[in-house]
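# Architecture and fold: a report
Chain residues, written in single-letter form:
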Amino acid sequence: MSTYTAVTVPTQFVEANGIRFAYRRWGKRSGLPLVFNQHFTGNLDNWDPAVLDGIAKEREVIIFNNAGVASSTGEVPTTLQVWRRTRKRSSVVSGLTKVDLLGFSIGGMVAQQITLDRPDLIRKLILVGTAPRNHDAGNGQGHITPETAAIFGATYNPPRTCG
C-alpha cells in the first residue's frame with residue numbers, strides 16, 4: 001500500500017494528443033483502480049481527502065484534472081462528446097486496461113458515455129449526483145418526478161444534525 005494520502009500524493013502528468021493531464025494515483029495496488037470523474041470544472045483538490053483516503057485503504061485511487069482545468073493543458077471541452085473523448089484518451093494513455101469508474105455530477109454523464117463506448121474498460125460504474133442543473137434531464141425533457149423533487153428540496157426545522 002502507498003504511504004501517500006490525498007494531501008501528500010504528488011501530482012503527475014501524462015500526455016495524450018497534445019493535452020497534458022494532471023493526475024494523482026495512490027492507495028492499495030491490488031485489484032482494479034477506482035477512477036474519479038469530476039464535475040465540469042472541478043479539479044484534483046475538489047475531492048474530499050477523507051473520502052479518498054478511506055477508499056485508498058482498500059484500493060488504488062486515481063483522480064485527474066480535465067483538459068483545460070487547473071494544471072492540465074488544452075481547452076475545456078464544450079460538449080459531452082469532446083469531454084468523453086478526452087477522458088477516454090487520458091485513461092488509455094495511462095495504461096489502464098480495466099477500471100471501476102465513478103462519475104460525479106456532469107462527470108457521471110460522461111462516465112456513462114465512456115462505459116457505453118468502452119465496455120471492455122469499465123468493470124463497475126458508480127454514479128453520484130449525476131444530472132444537469134435545474135433538474136433538467138435533457139433539453140427540457142424528462143424532468144425529475146415531483147416525489148424526487150420533494151425529497152431533495154425538503155427543509156427541516158430545526159435542521160437535522162448528525163451525531
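The rules behind these values
- Residue numbers restart at each chain and count upward from 1, following the sequence in its written direction.
- Two thresholds apply to this predicted model, a pLDDT of at least 70 for residue-level local features and 80 or more for giving and counting side-chain atom pairs, whereas whole-chain, interface and lining totals are computed over all residues.
- Computation of side-chain values: all heavy atoms of the structure, hydrogens and water removed.
- A pair of strands counts as paired when DSSP detects no fewer than two bridges linking them.
- Under the DSSP-based scheme used, a helix requires at least four consecutive residues in state H or I and a strand at least two consecutive residues in state E, with every element numbered from the N terminus.
- Helix axes are fitted only over the stretch in contact, all axes being lines through C-alpha atoms; the angle between N-to-C directions runs from 0 to 180 degrees.
- The criterion used for residue contact is that any of the two residues' heavy atoms lie within 4.5 Å.
- In this analysis, the expected span of each helix is defined as 1.5 Å times one less than the number of residues it contains.
- For each residue, the accessible area found with a 1.4 Å probe, counting protein chains only, is set against the maximum for its type, and the residue is called buried under 20%, exposed over 50%, and partly exposed in between.
- Regarding the arc, it is the one traced by the directions from the helix axis to the C-beta atoms.
- By convention in these notes, a salt bridge is any Lys or Arg side-chain nitrogen within 4 Å of a carboxyl oxygen on Asp or Glu.
- Confidence scores per residue from the predictor, reported as pLDDT, run from 0 to 100.
- Side-chain atoms within 4.5 Å are what join buried Ala, Val, Leu, Ile, Met, Phe, Trp, Tyr and Cys residues into a set we call a nonpolar core.

With that out of the way, let us pick up the sheet that holds strand E4 (residues 60–64). Spatially, E1-E2-E4-E3-E5-E6 is the arrangement adopted by the six strands of the open sheet, whose pairing is mixed. Strand pairing shows two members of the sheet lacking a second neighbour, strand E1 (12–16) and strand E6 (122–128), which therefore form its edges. Geometrically, the sheet is characterised by an average inter-axis angle of 25 degrees between neighbouring strands, direction not taken into account. Strand direction decides the pairing type here: strand E2 (residues 19–27) and E4, joined by five bridges, are antiparallel. Looking at E4, one finds that glycine 27 is bridged to glutamate 60. Docked against the sheet, helix H3 (residues 106–117) engages strand E3 (34–37), strand E5 (99–104) and E6, running at close to 145 degrees with respect to E5.

We now examine H3. Compared with an ideal rise of 1.5 Å per residue, which puts 12 residues at 16 Å, H3 spans 17 Å between its outermost C-alpha atoms and is within 8% of the ideal. Taken together, the buried positions of H3 are occupied by Gly107, Gly108, Val110, Ala111, Ile114 and Thr115. Along the axis of H3, the buried residues cluster in a sector spanning 160 degrees; they form a single face.

To continue, consider the pattern of salt bridges. Taken as a whole, this structure holds six salt bridges when the rule is applied. A single network of salt bridges, built from pairs that share partners, joins Arg25, Arg29 and Glu60.

Turning next to the confidence of the model for the protein. Within the protein, residue pLDDT values average 80, and 74% of them lie at 70 or more. Taken element by element, the predicted model of the protein shows its lowest mean pLDDT in helix H2 (residues 80–93) (63) and its highest in helix H1 (residues 49–56) (96). Confidence drops under pLDDT 50 across residues 137–141; counting only partners more than four residues distant or on other chains, this segment forms three contacts.

Let us look at the nonpolar core. Counting residues in hydrophobic clusters, the biggest one holds 17 residues, and the most contacted among them are Phe21, Val35, Phe64, Val99, Leu101 and Ile122. Put simply, the parts of the chain that give this core at least two residues each are E1, E2, E4, E5 and H3. Apart from the residues within four sequence positions on either side, leucine 101 is in contact with Leu34, Val35, Asn37, Ala111, Ile114, Thr115, Ile122, Lys124, Leu125 and Ile126. Counting 13 residues, the second largest nonpolar core, distinct from the first, contains Ala22, Leu34, Leu52 and Leu102.

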